Amino acid sequence: MVFSVQRVIALNKPPAFLFKDIAGLHEASVRAPDTRTVEFTLPKSSSPQAFLSILAFSVGGVVDPDEVASHQSGQDRGEAWLRDHSAGTGPYVVERWEPESQVVLVANPNYWGPRPRISRIVIRHVPESSNQKFMLERADADIANDLTPEQARELGNRPGVRIQRGRTLLLVYVGMNVGHKPLDNPKVREAVRWSIDYDGIVQGLLRGNAQKVQTIIPAGLFGHNPATSFRQDSSRARQLLVEAGFPDGFSVELLTPTGAAPGGVNWADLGAKLQADLGKSGIRVTVRQTTQAELLNVYRAQKGQMVLILWGPDFPDPDGNVTPFTDYEAKSIAWRNQYRDEALARLAKQAALETNPDRRRALYRQITEKVLHEGPYAVLYQPTLVLGVRSDVRGFVWNPMGYAEFRTVTK
Amino acid sequence: MARYVLRRLLAILVVLAGVSALTFFISHVIPADPVLAALGEHAREDQIRAFRRQYGLDRPLPAQYAIYVRGLLRGDLGLSIRTRRPVAEDLREFFPATIELASAAWLVSLAIGLPAGVLSAVCQDRPFDHLARLVALVGASMPVFWLGLVLLGLFYYRLGWLPGPGRLDVHIAPPPDRTGLLVLDSLLAGRWDALGNALAHLVLPALALGTFSTAVVARMTRSAMLEVLRQDYVRTARAKGLPEGRVLLVHALCNALPPILTVVGISFGNLLSGAVLTETVFSWPGLGRYATASAVSLDFPAVMGVTLLSAVIYPLLNLLVDLGYLLVDPRIRYG
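Turning our eyes to something else, we now look at the overall build of chain A. From N to C terminus, chain A includes 16 helices and 15 strands. Over its C-alpha trace chain A gives a radius of gyration of 23 Å, about what one expects of a compact globule, namely 22 Å for 411 residues. For chain A, the residues scored as buried account for 51% of the 411 residues in total. Across chain A, the 49 positively charged side chains and the 44 negatively charged ones have centroids separated by 3 Å.

Here's what the structure looks like:
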């Protein structure tokens, strides 16, 4: 355990920020006083709750020091070898990894817990969702996790297959760069939020494969605020624009990624829907589509005007969302939208460190309410993952952090 | 002859130098930063600096190009930003799948296109000719993506006659990897179960990918054969009372081969580079999928590796076609 945590910190690759920046650890912060105890020393400025969440996440996974050392290349602590091998303590080990094709996992004979019931798991990359549906119906696949809303509806009536919904912690939102006029005006941002047909997106475009969420902590995480204050009200939006000094509306560019958005709709369709919705309030939107990699480059450089994108927390704690969405200095989402509110950032820090659950919940309530009305975001929805599962498969649970544990699965 | 081949190979090197310079500078001047795309949301300044140093991105552009060319001369295409492996290693892994698919599609185009073209010419303006021309027209206009989905929907999903996407069924263990070509590796290892399964998996993608080339080969064969069938030597052969089969295959087809060979050679190159959509539809882990994923991730070393590989293949195929003329037309000499 000590080796594994120190390894992540020493490698200093992007995931190290969870231990180094969020938990405030360095290599000397972790030690094992005896064979059954691991001791972490956290600075007072780090949130114990966030740390526990990080420890339970993939970056806290334990690797075998001897195995890793025997495959070390230079100073990489086995990183290159671990790209297609495993040396962990989980119920499965990697038998084979074929890039762009499949990963084959087999039950770990040395697993410390009960041996998993399925001895071999094959995870295949099937980019076409219609093929996933074909394979599921022909029983060539047991689980399909990339179905469109229409395919899920069709499969719902087929024998031998059931539809299982999986929660995600993703939020699909529009970021409004307050450094770009007139988005600096809170009334204009409020007008944007009143322009959007949230129910049309969730029920029409996504066919119900999403939850209407408008605050920055997703449902399922501690501190979620279920408030949905906004619905489409174009006359109210136009009134707000008049009050803000834009009776004739304004023009703005909306950046959207290419491909499919979570929930099964295309980003392009979502962008077109927003263009139509905002157009009803007099906001003339030009949609520009780029690959997600290019879009993030523009967004991170604070050069987006309005950006349609998603966010998922890096660790399952509300701080994984609240700090990025509120703290300009964290150089994340608030920074990209040039949204600077120091009082709010202090409140976020206080909430992260608060150990009393009631007080912590109250702080998050206060933060989410403030961002809902004053922030530079229009949160559109929290997508639901639609999985097609063969009827004889039992015990399959989708983890909202975006993975599944196969040790509970039987067939 | 040897001098001719040498001259052509040198010309390929010149093409390669031009393509490498062009792709290198284009990919480095477009306003997109691969570093943030590779390191993700939380990269810190020191990590970004280390990454730039590792990939030589902190140096001036001409110096970067010099390093790249030096690597090329050693067969080193650089490190892929996305997979973090040497690009040459990635190409070795992905290219065989594409060669296997393109070869199968090529065989389909020859096996169907050549006889259809010959028969069409022989039966000019008769029902078979009209039908073949109509089928060729439809085949040449059909989008491969749509055709792939239709073939899968019919022969895999509805009828269950052929296997679904991928190169092998999940319950078939792959043969030991020697060439990366599953059919050949299965043969070499005597793994008949894997051989049968790999061949069955090839049928639908090869049909989808090969349809366009089949149509082109059929049309070219028909027109070349029509041209030759009007020649005096064909009339003479018939007048001498030679069997019609011999007239068609020996006297006519052999003389019609040079233009057909050109089309067939070029179509193999097109099949190799045009497999992107087929590979996506059939979950085929080939070069097309690798190129697309690399381009979307702004993985320039990988994109350049794929481009250079294509830049070698096309002139090589042209050279092979030119050498093939020697076999089919003894009058041709290269000096």
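Having seen the model, we can carry on.
Each side of the interface is counted separately: chain A has 38 residues, and chain B has 39 residues. Summing both partners gives a buried area of about 3,400 Å² for chain A against chain B, and 52% of it is carried by carbon and sulfur. For the pair chain A and chain B, the number of links is two salt bridges. Taking the shortest distance from any N to any O, the salt bridge between A:Glu100 and B:Arg82 comes out at 2.8 Å. The tally of links from chain A across to chain B stands at 11 residue pairs in polar contact (both at pLDDT 80 or more). Contributions of two or more residues to the side of chain A that touches chain B are made by helix 2 (16-22), strand 3 (92-98), strand 5 (120-124), helix 6 (129-137) and helix 12 (292-300) of chain A. Counted by class, the side of chain A that touches chain B contains 11 nonpolar, eight polar and 19 charged residues.

Turning our attention to the confidence of the model for chain A. For chain A, per-residue confidence averages 91 on the pLDDT scale, and residues scoring 70 or more make up 100% of the total. Confidence scores differ between elements of chain A, with helix 12 of chain A showing the lowest mean pLDDT of 85 and strand 8 (residues 171-176) of chain A the highest of 97.

Before going further, it helps to examine the pairing of strand 2 (residues 37-40) of chain A. All names here are of chain A. Sheet topology note: the strand 1 (residues 30-34)/strand 2 ladder contains three bridges and is antiparallel. Its bridge partner lying in strand 2, Val 30 is registered against Phe 40. From the end of strand 1 to the start of strand 2, which pair antiparallel, there are two residues.

Of all hydrophobic cores here, the largest spans 49 residues; its most connected members are A:Phe19, A:Leu25, A:Tyr173, A:Ile367 and A:Tyr377. Per element, the largest residue contribution to this core is five residues, and it comes from helix 15 (residues 342-353) of chain A. In this structure, this core is formed jointly by two domains, domain 1 (2-77) and domain 3 (171-384) of chain A, each of which donates at least three residues. Residues within four places of A:Tyr173 in sequence aside, it is in contact with A:Tyr299, A:Val307, A:Leu308, A:Ile309, A:Leu310, A:Trp311, A:Phe325, A:Ile333, A:Tyr377, A:Ala378, A:Val379 and A:Leu380. In this structure, B:Val87, B:Leu91, B:Leu209 and B:Trp284 belong to the second largest nonpolar core, which totals 39 residues.

Okay, the confidence of the model for chain B next. Fine structural detail should not be taken from predicted coordinates in areas where pLDDT scores are low. Summary statistics for chain B give a mean pLDDT of 86 and a share of 97% for residues scoring 70 or more. Among the scores for the predicted complex, ipTM is 0.80 and pTM is 0.82.

Here the focus is the sheet that holds strand 3 of chain A. Whenever strands of a sheet pair, they do so through backbone hydrogen bonds, lying parallel or antiparallel. Residues and elements named next belong to chain A. Taken together, the three strands give an open sheet; going across it, the order is 3-4-5, and neighbouring strands pair in antiparallel fashion. Here the strands that pair on one side only, and so sit at the sheet edges, are strand 3 and strand 5. Direction aside, neighbouring strands of the sheet carry axes that sit 20° apart on average. Across six bridges, the pairing between strand 3 and strand 4 (residues 102-107) is antiparallel. Within the sheet, the bridge partner assigned to Tyr 92 lies in strand 4 and is Ala 107.

Residue and element names in this part refer to chain A. Throughout the structure, instances matching the rule amount to 19 aromatic pairs over all chains. Look at Tyr 173 and Tyr 377: their rings are 5.9 Å apart centre to centre, the planes differ by 85°, and that puts the pair in the edge-to-face class. Taken together, the residues Tyr 173 in strand 8 and Tyr 377 in strand 13 (residues 377-390) connect sequence positions 204 residues apart. Given a relative accessible area of 1%, Tyr 173 falls into the buried group. Aromatic side chains Phe 396 and Phe 406 sit 6.2 Å apart centroid to centroid with 35° between the ring planes, which places their arrangement in the tilted category. Pair noted here: Phe 396 is in the loop between strand 13 and strand 14 (398-399) and Phe 406 is in the segment after strand 15 (403-404), with a separation of 10 residues, a long-range link.

All names here are of chain A. Inspection of every chain in the model, using the stated rule, returns 38 salt bridges over all chains. Lys 187 serves as the salt-bridge partner of Glu 243, at 3.3 Å between the closest nitrogen and oxygen. Taken as a pair, Glu 243 in helix 10 (residues 234-243) and Lys 187 in helix 8 (residues 186-195) lie far apart in primary sequence, 56 residues in all. Here Glu 253 makes a salt bridge to Arg 288, at a shortest N to O gap of 3.4 Å. Highlighted residues: Glu 253 in strand 10 (residues 250-257) and Arg 288 in strand 11 (residues 283-290), separated in sequence by 35 residues.

The next thing to look at is the environment of A:Glu100. Following the sequence through the fold, A:Glu100 ends up in the loop between strand 3 and strand 4. Looking at A:Glu100, the relative accessible area reads 16%, which means it is buried. The spatial distance from the C-alpha of A:Glu100 to the C-alpha of A:Val68 is 25 Å, given a sequence separation of 32 residues. The contacts of A:Glu100, once residues within four sequence positions are left out, are A:His125, B:Arg82, B:Phe94, B:Pro285, B:Arg289 and B:Ala293.

A few words now on a nonpolar patch on the surface. Residues and elements named next belong to chain B. There is a patch of nonpolar side chains on the surface, built from Leu 22, Ile 26, Val 29 and Ile 30 and spanning about 380 Å² of accessible area. As for its placement among the helices and strands, Val 29 is situated in helix 1 (residues 2-29). Val 29 gets classed as exposed once you look at its relative accessible area, which sits at 59%.

Residues and elements named next belong to chain B. Applying the stated criterion across every chain yields a total of zero disulfides over all chains. Between Cys 123, a free cysteine, and Cys 254, which holds the nearest cysteine sulfur, the sulfur-to-sulfur gap is 20 Å. The exposure class assigned to Cys 123 is buried, which follows from its relative accessible area of 14%. On the accessibility criterion, Cys 254 (37% relative accessible area) is partly exposed.

Here we come to unusual backbone geometry. All names here are of chain A. Going from Lys 181 to Pro 182, the amide bond is cis rather than trans, its omega being 0°. Residue position: Pro 182 is located in the loop between strand 8 and helix 8. A positive phi angle, close to 60°, is found at Gln 302, a residue other than glycine. With respect to the helices and strands, the residue Gln 302 is situated in the loop between helix 12 and strand 12 (306-311). The backbone phi angle of Lys 331 is positive, close to 55°, even though this residue is not glycine.

Residue and element names in this part refer to chain A. When the domains of chain A are assigned, the result is domain 1 (2-77), domain 2 (92-164 + 391-408) and domain 3 (171-384). Counting residues at the interface gives four residues for domain 2, matched by nine residues for domain 3. In total, domain 2 and domain 3 occlude about 510 Å² of area from one another, counting both sides; carbon and sulfur atoms represent 60% of this. Linking domain 2 with domain 3 are one salt bridge. We note a salt bridge from Arg 207 to Glu 150, for which the minimum N-O separation is 3.0 Å.

Further remarks concern the packing of helix 9 (residues 198-205) of chain A against helix 11 (residues 267-280) of chain A. All names here are of chain A. Where helix 9 meets helix 11, the closest approach of the two axes is 11 Å, and the angle between their N-to-C directions is 145°. Here helix 9 and helix 11 pass one another in a crossing that is right-handed. Contacts between helix 9 and helix 11 pair Gly 200, Ile 201 and Leu 205 from the former with Asp 269, Leu 270, Lys 273 and Leu 274 from the latter. Its residues assigned to classes, the contact of helix 9 with helix 11 shows four nonpolar, one polar and two charged.

Here the focus is the side chain of B:Asn197. Residues and elements named next belong to chain B. Within the secondary structure, Asn 197 is located in helix 9 (residues 192-229). Taking the relative accessible area as the measure of exposure, Asn 197 reaches 12% and is therefore buried. With residues up to four places along the chain from it excluded, the contact list for Asn 197 reads Arg 167, Leu 168, Asp 169 and Ile 172.

What counts as what
Residues numbered from 1 in each chain as written. Chains lettered and ligands numbered in written order. Predicted model: local features only at pLDDT ≥ 70, side-chain atom pairs only at ≥ 80, totals over all residues. Heavy atoms only, no water. Helix = DSSP H or I, 4+ residues; strand = E, 2+ residues; numbered from the N terminus. Rg over C-alpha atoms; globule rule 2.2 N^0.38 Å. Buried < 20%, exposed > 50% of the residue type's maximum accessible area, 1.4 Å probe, protein only. Lys, Arg positive; Asp, Glu negative; His and termini not counted. Charge placed at Lys NZ, Arg CZ, Asp CG, Glu CD. Contact = heavy atoms within 4.5 Å. Buried area = accessible area lost by both parts, 1.4 Å probe. Salt bridge = Lys/Arg side-chain N within 4 Å of Asp/Glu carboxyl O. Polar contact = N/O pair within 3.5 Å; in protein donor to acceptor, adjacent residues only side chain to side chain. Nonpolar A, V, L, I, M, F, W, Y, C, P; charged D, E, K, R; others polar. pLDDT = per-residue confidence, 0-100. Pairing = 2+ DSSP bridges. Core = buried A, V, L, I, M, F, W, Y, C linked by side-chain atoms within 4.5 Å. Domains from an automatic or database assignment. Axes fitted to C-alpha atoms, helices over the stretch in contact; angles between N-to-C directions. Phe/Tyr/Trp six-rings, centres within 6.5 Å; stacked < 30°, edge-to-face > 60°. Patch = residues over 30% accessible without salt bridge, like charges linked within 9 Å, V, L, I, M, F, W, Y side chains within 5 Å. Areas by Shrake-Rupley, 256 points an atom, 1.4 Å probe, with all protein chains shown as cover. Disulfide = S-S within 2.5 Å. Left-handed = near helix turned anticlockwise from the far one by under 90°.

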